[in-house]
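Residue-level structure breakdown
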Amino acid sequence: MKKIQMVDLKGQYDDIKDLVNTSIQEVLETTTFINGPKVHQFQKNLEHYLGVKHVIPCANGTDALQIAMMGLGLKPGDEVITADFTFAATVEVIALLQLTPVLVDVNEDDFNINIEAIKKAITPKTKAIVPVHLFGQCANMEAIMEIAKAYNLYVIEDNAQAIGANYTFKDGKKAQAGTIGHVASTSFFPSKNLGCYGDGGAIFTNDDALAHTIRGIVNHGMYERYHHDVVGVNSRLDSVQAAVLDAKLPHLDIYNKKRREAANKYDNAFKNISSIVTPHRNGGEDAHVFHQYTLRVKGVDRDALVKHLNEKSIPCGVYYPIPLHKQKAYSDSRYKEADFPVTNQLVKDVISLPMHTELDDEQIEFITSTIINFING
């Protein structure tokens, strides 16, 4: 059995080596390393794939989220509602812009932001909601957009983990994750479903005026060289990373299909284990792209299980071990523990297993049998 990786980027690269190398070589030969043709080509191809009017590439996913908020003109003190159970980058950019983060609890089944918790958190100072499409599937965007319309709020989708996922509305209409809210951000960190070989990110929107503003922000506030019309930042996707992404984009649906197939095999192995809760799916087969395959274990010492897996050379992760409201940087007297019962339990229960396009049956059988044997004692 080959060595198990949490994410096997080498195996994935080997499969598309010629395409990636040729794409990078084009950049090296033209020496257009910043805002070169490859960046614009990838932008157009991703717009077509997503069915969105505007993709604005940038340097990383955290910048993408910050720039989206800057583009909306949010002001210091404005309240932004987001999920307590997610990576810190989501709340980090809110704090950096001197906005007021308002953390709320998540659902027990899909780990995404809880609709009733959003409603309870709205005040006259609320200006935006940031749903995080956690682990590979969308939050309840139809309900979130209804709330946003009722309270005149912006919706900023944090789509760092769910590119390629589809959301199905009640009337059967489908939309790609990241194309439903007023604006969305994504990350192309190497381990993402669509990842480059360094840092990278992008912002999506169907709003022409907002797209224009954001294009200036990512490039020092310039639309014309040395004319700074808005306050901006230096956040550009370099051409080499765009070349990698453009080579991989045609394979994204295949990658996501392989992840779903691996997830189904995990599910089948665990289906009769009462102490394991396998990932919930919202909607059809295309609703979840399994950036992570995250279990909940009940009545099991999760940390002991992590230790056991590591001893067996099986990598795993705990995403996330500490709620954001308990992080020193983001703690606030406004938060009451009674408001976060689900998050406070999830951080004790969750464990993420290896999930990538190169997983084979032998590896999955070894991973699942090791976990089952541990649980059965």
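Scroll up to find the structure this text is about.
In every chain, residue numbers begin from 1 and rise along the written sequence. Side-chain atom pairs in this predicted model are given and counted only at pLDDT of 80 or more, local residue features only at pLDDT of at least 70, and totals for whole chains, interfaces and linings cover all residues. To get the side-chain values, take all heavy atoms of the structure and skip hydrogens and water.

What follows covers the nonpolar core. Among buried residues, the Ala, Val, Leu, Ile, Met, Phe, Trp, Tyr and Cys ones that are joined through side-chain atoms within 4.5 Å form a nonpolar core. To sort residues, take the accessible area from a 1.4 Å probe on protein chains only and compare it with the maximum for the residue type: under 20% means buried, over 50% means exposed, and anything in between is partly exposed. Ranked by size, the top nonpolar core spans 39 residues in total, and within it I81, F85, I113, I118 and I144 carry the most contacts. Elements supplying a minimum of two residues to this core: β2 (79–83), β3 (100–104), α6 (115–121), α7 (141–151) and α12 (341–349). Judged by nonpolar contacts, the second largest core, of 25 residues, contains I4, L309, I314 and I372. Only DSSP runs of H or I reaching four residues or more are called helices, and only runs of E reaching two or more are called strands; each is numbered from the N terminus.

This part is about the side chain of D158. When you line up the elements, D158 lands in strand β5 (residues 154–158). This count recognises Lys and Arg as positive and Asp and Glu as negative, with His and chain-terminal groups excluded. Whenever a carboxyl oxygen of Asp or Glu lies within 4 Å of a side-chain nitrogen of Lys or Arg, that contact is scored as a salt bridge. The buried charged residue D158 lacks any salt bridge, with K192 as its nearest oppositely charged partner at 7.3 Å. Polar contacts involving the side chain of D158 include one to the side chain of T90, which spans 2.8 Å. Those residues in contact with D158 that lie beyond four places of it in its chain are L65, T90, V130, P131, V132, H133 and S185. Here a polar contact is taken to be a pair of N or O atoms separated by no more than 3.5 Å, where protein atoms must pair a possible hydrogen donor with a possible acceptor and residues adjacent in sequence count only if both atoms sit in side chains. Should any heavy atoms of two residues lie within 4.5 Å, those residues are considered in contact.

Turning our eyes to something else, we now look at the sheet that holds β3. Pairing is mixed in the open sheet, where seven strands are placed in the order β1-β9-β8-β5-β4-β2-β3. Edge positions in the sheet fall to β1 (54–58) and β3, since each of these pairs with one other strand and no more. Neighbour-to-neighbour, the strand axes of the sheet open up by a mean angle of 25°, direction not taken into account. Across the sheet, helix α3 (residues 37–50) touches β1 and β9 (201–205), and the angle it forms with β1 is around 135°. To define axes, lines are fitted to C-alpha atoms, for helices over the stretch in contact only, and angles between the resulting N-to-C directions are given on a 0 to 180 degree scale. Strands β1, β4 (126–130), β5, β8 (183–187) and β9 of the sheet are contacted by helix α4 (residues 61–71), whose axis makes an angle of about 165° with β8. Strand pairing follows a simple DSSP-based rule, namely that at least 2 bridges must link the two strands.

Another point: the environment of Q176. With respect to the element layout, Q176 can be found in strand β7 (residues 174–176). In this structure Q176 comes out as buried when scored by relative accessible area, which is 12%. In the structure, Q176 is positioned 127 residues away from Y49 in sequence and 9.1 Å away in space, judged by C-alpha atoms. Those residues within four positions of Q176 in sequence are excluded, and the remaining contacts are Y49, L50, G164, A165 and N166.

Take the environment of P131 next. By the element assignment, P131 lies in the loop between β4 and α7. Linking P131 and V155, residues 24 residues apart in sequence, is a C-alpha distance of 7.6 Å. Among all residues touching P131, those that are not within four sequence positions of it are I113, A139, M141, I144, V155, I156, E157 and D158.

Turning next to the environment of F169. Examined against the element boundaries, F169 turns out to sit in the loop between β6 (166–168) and β7. Since its relative accessible area comes to 14%, F169 is described here as buried. In contact with F169, not counting residues within four places along its chain, are E142, A175 and I180.

Right, let's get into the packing of α3 against helix α9 (residues 239–248). Axis separation between α3 and α9 bottoms out at 8 Å; the angle between their running directions is 40°. Read as a crossing pair, α3 and α9 show a hand that is left-handed. The segment α3 lies against α9, with K38, V39, Q41, F42 and N45 engaging S239, A242, A243, L245 and D246. Just so you know the grouping, Ala, Val, Leu, Ile, Met, Phe, Trp, Tyr, Cys and Pro go in nonpolar, Asp, Glu, Lys and Arg go in charged, and all remaining residues, Gly too, go in polar. Residue classes in the contact of α3 with α9 are distributed as five nonpolar, three polar and two charged. The crossing is said to be left-handed when, going from far helix to near helix, the turn is anticlockwise and less than a right angle, and right-handed when the turn is clockwise.

In this section: the pairing of β5. Of all the five residues making up β5, four are buried; the element is thus mostly covered by neighbouring parts of the structure. Relative to β5, β4 runs parallel, the two sharing two bridges. Its bridge partner lying in β5, I129 is registered against V155.

Let us look at the side chain of E157. Relative to the elements of secondary structure, E157 occurs in strand β5. The side chain of E157 is buried and forms no salt bridge, while K173, the nearest opposite charge, is found at 11 Å. Beyond its immediate stretch of four places on either side in the chain, E157 contacts P131, H133, M141, A177, G178, T179, I180, G181, V183, A184 and S185.

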